[in-house]
Structures are given as C-alpha cells and as structure tokens.
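Take a look at the letters that make up each chain.
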Amino acid sequence: MPWRPASSPPPAVDAALDPKRIAEIVPMKRAGRPEEVAALVGFLASAEAGYITGQVISINGGMA
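Predicted, not measured: the structure shown is a model, and the values here were computed from it.

Q: Could you give me a rundown of the overall build of the protein, with the residues and numbers involved?
A: Looking only at helices and strands, the protein has 3 helices and 0 strands in total. Taken from the N to the C terminus, the helices and strands of the protein come in the order α-α-α. Looking at the protein as a whole, 6% of its 64 residues are labelled buried. Considering only contacts within the protein whose residues lie at least 6 apart along the sequence, 41% involve residues at least 24 apart. Summed over all atoms, the accessible surface of the protein reaches about 5,100 Å², with 64% contributed by carbon and sulfur.

Here it is in structure tokens:
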C-alpha cells in the first residue's frame with residue numbers, strides 16, 4: 001500500500017464515496033480523519049473527561 005498523509009481519507013472512504021459526493025452530503029464538505037476520532041478517544045480516556053458518563057458523541061461532520 002502506498003504511503004498517504006494522515007490528512008488523506010483512508011482507502012475505504014475513497015472506495016465508498018468520491019470526495020465530490022462526500023462534499024455534497026456532509027455539511028463539513030469532507031470526510032472525517034482518523035486523527036479526529038483519535039483526539040476524541042484520547043480526551044474521553046483522560047482525567048479531564050472523568051465526569052462524563054453515558055453519552056453518545058457523534059463525530060459526523062455535522063450530519064444529524
């Protein structure tokens with residue numbers, strides 16, 4: 001597999017929808033990046049999130 005910068009969509013996203021279609025359906029006009037999900041996971045696993053319980057947090061680019 002060729003090297004891809006972290007800001008590029010993963011191959012599975014490229015195969016599922018082309019960037020033009022993603023821009024049409026996602027309010028943020030782009031696919032989410034793995035590091036965006038990782039940042040939330042890191043926060044939720046940290047002491048700063050110690051009082052957060054039982055929540056559903058969507059990382060969806062503004063899609064309802």
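Q: An account of the environment of glutamate 48 is needed here, citing residue identities and associated values.
A: The residue glutamate 48 is located in the segment after helix H3 (34-44) in this model. Residue class for glutamate 48 comes out exposed when judged on its relative accessible area of 64%.

Q: Which residues make up a nonpolar patch on the surface, and what values go with them?
A: Judged by side-chain polarity, Val37, Val41, Phe43, Leu44, Ile52, Ile57 and Ile59 come together as a nonpolar surface patch covering roughly 560 Å² of accessible area. Relative to the helices and strands, isoleucine 59 resides in the segment after H3. The class of isoleucine 59 is partly exposed, set by a relative accessible area of 42%.

Q: Give me the pattern of salt bridges: which residues, what numbers.
A: This structure, assessed with the given rule, holds 4 salt bridges. With a shortest N-O distance of 2.9 Å, glutamate 35 and arginine 33 are connected by a salt bridge. Note on glutamate 35: relative accessible area 33%, which makes it partly exposed. In this structure, glutamate 36 and arginine 33 form a salt bridge, with 3.4 Å as the shortest nitrogen-oxygen distance. The exposure class assigned to arginine 33 is partly exposed, which follows from its relative accessible area of 24%.

Q: Tell me about the layout of surface pockets, residues and numbers included.
A: Put simply, the largest pocket is a space of about 170 Å³. Val26, Met28, Arg30, Ala31, Gly32, Arg33, Glu36, Val37, Ile59, Asn60 and Gly61 are the residues that line the largest pocket. Considered class by class, the residues forming the lining of the largest pocket number 5 nonpolar, 3 polar and 3 charged.

Q: Hey, could you go over the confidence of the model for the protein for me, with residue numbers and the actual values?
A: When the pLDDT values of the protein are averaged, the result is 85; 81% of them are 70 or greater. Here helix H1 (residues 11-16) is the element of the protein with the lowest mean pLDDT, 70, and H3 is the one with the highest, 94.

Basis of the calculations
- Residues numbered from 1 in each chain as written.
- Predicted model: local features only at pLDDT ≥ 70, side-chain atom pairs only at ≥ 80, totals over all residues.
- Heavy atoms only, no water.
- Helix = DSSP H or I, 4+ residues; strand = E, 2+ residues; numbered from the N terminus.
- Buried < 20%, exposed > 50% of the residue type's maximum accessible area, 1.4 Å probe, protein only.
- Contact = heavy atoms within 4.5 Å.
- Areas by Shrake-Rupley, 256 points an atom, 1.4 Å probe, with all protein chains shown as cover.
- Patch = residues over 30% accessible without salt bridge, like charges linked within 9 Å, V, L, I, M, F, W, Y side chains within 5 Å.
- Salt bridge = Lys/Arg side-chain N within 4 Å of Asp/Glu carboxyl O.
- 1 Å grid on protein atoms, 1.4 Å probe; cavity = no way out; pocket = protein on both sides within 12 Å on 5 of 7 lines; lining within 4 Å.
- Points joined across faces, edges and corners; volume = space filled by probe spheres on them.
- Nonpolar A, V, L, I, M, F, W, Y, C, P; charged D, E, K, R; others polar.
- pLDDT = per-residue confidence, 0-100.

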